[in-house]
Each structure stands twice: as structure tokens, then as C-alpha cells.
Amino acid sequence: MNFINLIDYAGTFAFAISGIRLASAKQFDWFGAYVVGLVTAIGGGTIRDLLLNVTPFWMLQPSYVIITGLALLFVILLGKFVIRLSNTFFIFDTIGLGLFVVVGIEKSLDAGFPFWVVIIMGMITGSAGGVIRDILINEVPLIFRKDIYALACVIGGVVFYICYKLEFSSIITQLLSVGSIILTRILAVKYHISVPVLKGNSED
Amino acid sequence: MNFINLIDYAGTFAFAISGIRLASAKQFDWFGAYVVGLVTAIGGGTIRDLLLNVTPFWMLQPSYVIITGLALLFVILLGKFVIRLSNTFFIFDTIGLGLFVVVGIEKSLDAGFPFWVVIIMGMITGSAGGVIRDILINEVPLIFRKDIYALACVIGGVVFYICYKLEFSSIITQLLSVGSIILTRILAVKYHISVPVLKGNSED
Amino acid sequence: MNFINLIDYAGTFAFAISGIRLASAKQFDWFGAYVVGLVTAIGGGTIRDLLLNVTPFWMLQPSYVIITGLALLFVILLGKFVIRLSNTFFIFDTIGLGLFVVVGIEKSLDAGFPFWVVIIMGMITGSAGGVIRDILINEVPLIFRKDIYALACVIGGVVFYICYKLEFSSIITQLLSVGSIILTRILAVKYHISVPVLKGNSED
């Protein structure tokens, strides 16, 4: 297990925790919470893989299913403690997001798609899991209304594209792309930066 | 760019506008509204392509992503004005629906499926985008309760099938099918025709 | 038509009825109710087939589309009577569930996946249709909060795995697996056994 794997697993854990916590707020049972956690963690990559017409990544090795189980155990055992760790999870979640996006970008690039598709695939990888999570708990998806989340994925994709065109090495490209996503999210949360709300269109 | 392309793009624009307007009524930010608009415009065709096991159409050329961007710009710049254009959009939307259905039918027919599958694929192409839109904004899908929308797609499919069996030329078949969809919708809205509500089953 | 087909169709009918009944409680029109019934009956198998990258099963023969039509007709004609038949439908639904899960397991096993994937595919086949149904009618999916439903699918999968490893004959393996699912559900409903609710995590 190398460093990338470690970050990937930490991101999966953080994504799963976010699903499990929201499910618990809705009185889901353990099994339901597990499913929501799993879908949050693997949903984005699964949609990407269906669109790319390849076998979904999580069906090729059991790590993601196991890590989600550990996340559930963690919440069951340390419930109240988890809430106090919000900041820690924000960091995990954000690093995980950055890595998920870059994994999505590289996989789509390898499949031979042009860069505008690749950037969308990166965004889907990073944010579609959270959208499915919010649909399952019957809430309007958070990322459409709050935080620079999906947009951070697009920024990371554009940075990746620029580095790629400038023929930076693979590792530098990855680092700058992940870094730009993390930086965007931290700045957005710290300075309460958000995308303007679309106004003036009340439905009749 | 020929006439079919023009109608296709106008339909995409109208579908995207419908998604963006509903998103704005829910206080989505610009990015969220863009995503909802895009999903409304391309969702039906994407599900169809996944079921047919081909690469989703919008990943092969950037037009749909760009047109949705123009639709967002249009709503941002001309917000209040857009509401007054409701009738214009109804026409666009309905013509777009007709064309989307016929595109879906022809693509499924080329893939070698029998006609009952083909008609379902036409309906999915025309109406699934609106269903996903309503799920994303956390509303019960409109087409299940109001308007003869999905049923118009089925009628268009049946008309296509009859023309096809009668060996009408391709262009006549397309025109009659699209025409029947447009006519059905206009008549349904004008005379408040709707499918009966299913009654007598209150849940315990 | 053999015995397995008969059970498969009875299960499809019961699943479709469950979707149609819930749709009618939400004032859906006939067409909307039909779509919800169809999605409930074929949704799980469709997601499984998309993940396995094979043509969705219901596109290969019209039985499922026709049976859902019969289910709609049944509810339209016998509306109030259907409610009194709840127990009958519980039996159909549970037998159907067991069979759906085993079909999903065998299809995934044939596709060469390891058993942990196979068990998940069995669970998706049995329970994803109900989840999509609940999303379409804009409710929090029932299976995440009530009944041992998805868990019964997993238990059936584990029983299948054990029988398979013990090299039991195909028919014995199927019977024991389906039987364990039916037994689990009946015991859970009869003795009000449920998975514990995940507590202590109110969201801030």
C-alpha cells in the first residue's frame, strides 16, 4: 500500500462517515446507514465508470466495502465523539475530494476522451456521491446551494489541464491539481465565499 | 449545421431553461442551476445510452454543455423577462420533446431492438431528464401527475411504428411522429386533458 | 413456462403492485403509476445489469412490461379490494424478493465476480427497485428505516455462498437461499425484529 492508496482510503472513510452521519440524523438503521455511507463513498466513481463503460472500480477489490464497514463501526462506537471531530473530517473529506477528482481525471484521460469530458468526469467522481447521498435521505443536494464544492472540482480539472499542456511531470500535475482543490475549499469555507444564488425567477 | 441540428439545439436550450428556472425557484447557486439544467437536457438520452450500452451522446461533442451554459447566461441576464416567455418555451420544449423522442427511437432501432423496447427508449429519451430534474430539486416528478407528457412520447412512438410498418419514407415518418407528439401536448394543455388519477388506495 | 418463471412473474406482479399502490397514495395518474410500478419491478435488476455491463434483462422479452400493465389493470379494477389482500401480497413480495436475489446472485456468479460482489449484486437486485420507487414518490427509502429487507437479501446471499462452497446441488442451493430470505422476513415481521437505529448524531 503506497501513499496514494492511503489517501484514497482516508478519503473513502471520510466520505462514508459523511453519509453515515447524515443517515443517522434521519433515524436510519445500521444497515441503511451503511448503504448510504457506501453510496456516498463510491457513487461518484460508479457513475463515472458507467459513463466510461468500464467495470465499476469498487467491484474489483473489496477495500471500499470494508472501509465503509469500519466507518460504520467507528460511528456506532464513537458517536458523540465524531461530531467534535468535524474539522478533522473536513480535512480528510477535502483531501479525499482532491484525490477522487484526480483519479477520475486520469481514468477518463486514459479512456481517450477530450479534456472537457475529462473535467466533467473529475467533477462527477468527486461530487456525484454526495448528490446521491442527499437524494437517498430526501434532501435537496447540498452542493447545489452551499460551499464551493463541485466548482472546486472543476478548478482542479482546469489546473490539471494546464499542467498537462505545459508537460509538467505526472506527480507535479497531480499535486498542483489536488492542491488547488484543497486550497479552493479551504479559502471558500474560511472567507465564506460562495457562488451567487440565481434570483428573480419565482415559479408561477 | 442542418435543420435537425437546429431543432435539437433549440430543444436542448428549452430543456436546460426548464431545469435552470426550477433550480432558481429553490435558491440554487449558479453552478447548481447549471448542473440541474444540464441534467434536464441530457439526462434522458444518457439513461437511454447506458441501457443501449453505447457512449452517452453528449460526451462525443461539446454542443450540449455549451448550450446549457448559454441557457444559464440567458436566465442570469434576462431573469424576469424569461417568465413572460413561458409560451415561447412551451413551444420550444414541445418541439424539442418531439425531436428527442424520435432521436431516441431511431438510435434504439439501429441497435436492433424490437419495437416495444424502441418505444420505451423514445419515452425515456424524452422524459427521464425531467424526472431527474424533479428528483434533484426534491419534488415529486411532475410528469407523473400533470400533463400528458410521457404518454405523448408513447403516442409518438406508436405513430412512428405505424409509419415504419407502412414503409413511409424516413422524413415523413419523422415528421408525423414529431407532429403527433406536438399535437398531443398542445391539445392536452389547451383542453386540460389529462390521464385519470389512480384512486381508492390510501395507504395504511 | 416452468416453475421458476411462474415465481418470477408472481414476484414481478407483487413488486409492481407495491409501486402502483404507493403511487396512487400520492395522486399519480395511471401512466405515472404504471411507470412507478415498472421501475419498482425492474429497477434492481436494471442497476445490476448496468453494473455487470450486460443488456438489461427486461429489454430481452416483453413479459415484465406486460405483467406491470396487468398489475395496473388489477389495481384500477379492484382498488379497495387490493388493500385487504395485503397479507397475500406480502407473501408474493417476499417470495419474489427471494427469487430476484437468487437470480441476481447466479447472473453475477456467471459473470465471474468474487462472492462479496455477488452478494451485493443479489441485494441490489432485490432491493434497489424499492429504493428508486421511494425516490420517485419523494419519500425516504423505507428499507433504510424499517423491516429487515436488504439484510434478508444479504443473509440469502451468505446462505447461497455456504451451500455453493459445500457443493450442494443447484436446486438445493436455490431452495435454501430463497427459503432463508423468506424465513428471515417472516420472522422479522412477526416478531418485530429490526436492525438497531443509529443514534447520537444529531447534525449541527
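Looking now at the overall build of chain A. Helix and strand content of chain A: seven helices and zero strands. Mapped from its N terminus to its C terminus, chain A presents α and β elements in the order α-α-α-α-α-α-α. C-alpha extents for chain A along the principal axes are approximately 50 × 50 × 30 Å. Out of the 204 residues belonging to chain A, those deemed buried represent 53%.

Glancing now at unusual backbone geometry. The phi dihedral of N138 of chain A is positive, around 60°, even though this residue is not glycine. One can find N138 of chain A in the loop between α5 (115-136) and α6 (150-165). Positive phi outside glycine occurs at Q27 of chain B, with the angle close to 65°. Looking at the secondary structure, you find Q27 of chain B in the loop between α1 (3-25) and α2 (30-52). Judged by C-beta crowding, with 14 C-beta atoms within 10 Å, Q27 of chain B ranks as partly exposed.

On the chain C side, the residues contacting the 31 residues of chain A number 26 residues. Those elements giving two or more residues to the side of chain A that touches chain C turn out to be α1 (3-25), α2 (30-52), α3 (63-84) and α5 of chain A. Considering only residue class, the side of chain A that touches chain C consists of 21 nonpolar, six polar and four charged.

With that settled, the discussion passes to helix α4 (residues 86-110) of chain B. Its 25 residues give α4 of chain B an end-to-end C-alpha distance of 36 Å, which sits within 8% of 36 Å, the value for a rise of 1.5 Å per residue. Trailing α4 of chain B by a residue or two, G112 of chain B shows a phi angle of about 90°, which is positive.

A separate point is the confidence of the model for chain A. All names here are of chain A. Across chain A, pLDDT averages 89, with 95% of residues at or above 70. Mean pLDDT across the secondary structure elements of chain A bottoms out at α1, with 86, and peaks at α2, with 95. Scoring of the predicted complex yields 0.92 for pTM and 0.88 for ipTM.

Moving on, we come to the interface of chain B and chain C. The interface of chain B with chain C comprises 26 residues on the first partner and 31 residues on the second. Mapped by element, the contributors of at least two residues to the side of chain B that touches chain C are α2, α5 (115-136) and α6 (150-165) of chain B. When residues of the side of chain B that touches chain C are assigned to their parent elements, the largest contribution, three residues, is made by α5 of chain B. Classifying every residue of the side of chain B that touches chain C by side-chain character gives 16 nonpolar, six polar and four charged.

Overlaying chain A with chain C gives an RMSD of 0.0 Å, the required rotation being 120° about an axis along which the chain moves by 0.0 Å. On this basis, the relationship between the two copies can be described by a three-fold rotation axis. Different-surface contact between copies: only 10% of interface residues of chain A are shared with the interface of chain C.

Conventions adopted
- Sequence positions are assigned chain by chain, starting from 1 and proceeding in written order.
- Lettering of chains starts at A and numbering of ligands starts at 1, both following the order in which they are written.
- Where local features are concerned, this predicted model is filtered to residues with pLDDT of at least 70; where side-chain atom pairs are given and counted, the filter is 80 or more; whole-chain, interface and lining totals use all residues.
- Helix and strand assignments come from DSSP, with helices taken as H or I runs of at least 4 residues and strands as E runs of at least 2, each series counted from the N terminus.
- In this scheme every C-beta is placed from the backbone, and a residue whose C-beta has 20 or more other C-beta atoms within 10 Å is buried, one with 12 or fewer is exposed, and one in between is partly exposed.
- Note on contacts: each residue gets a C-beta atom placed from the backbone, and two residues are in contact if those atoms are within 7 Å.
- Each residue is assigned to one class: nonpolar for Ala, Val, Leu, Ile, Met, Phe, Trp, Tyr, Cys and Pro, charged for Asp, Glu, Lys and Arg, and polar for all the others, Gly among them.
- Multiply 1.5 Å by the residue count of a helix minus one, and that product is the helix's expected span.
- pLDDT measures how confident the predictor is about each residue, on a scale from 0 to 100.
- For the least-squares superposition of copies, only C-alpha atoms count, and only for residues with pLDDT at least 70 in both.

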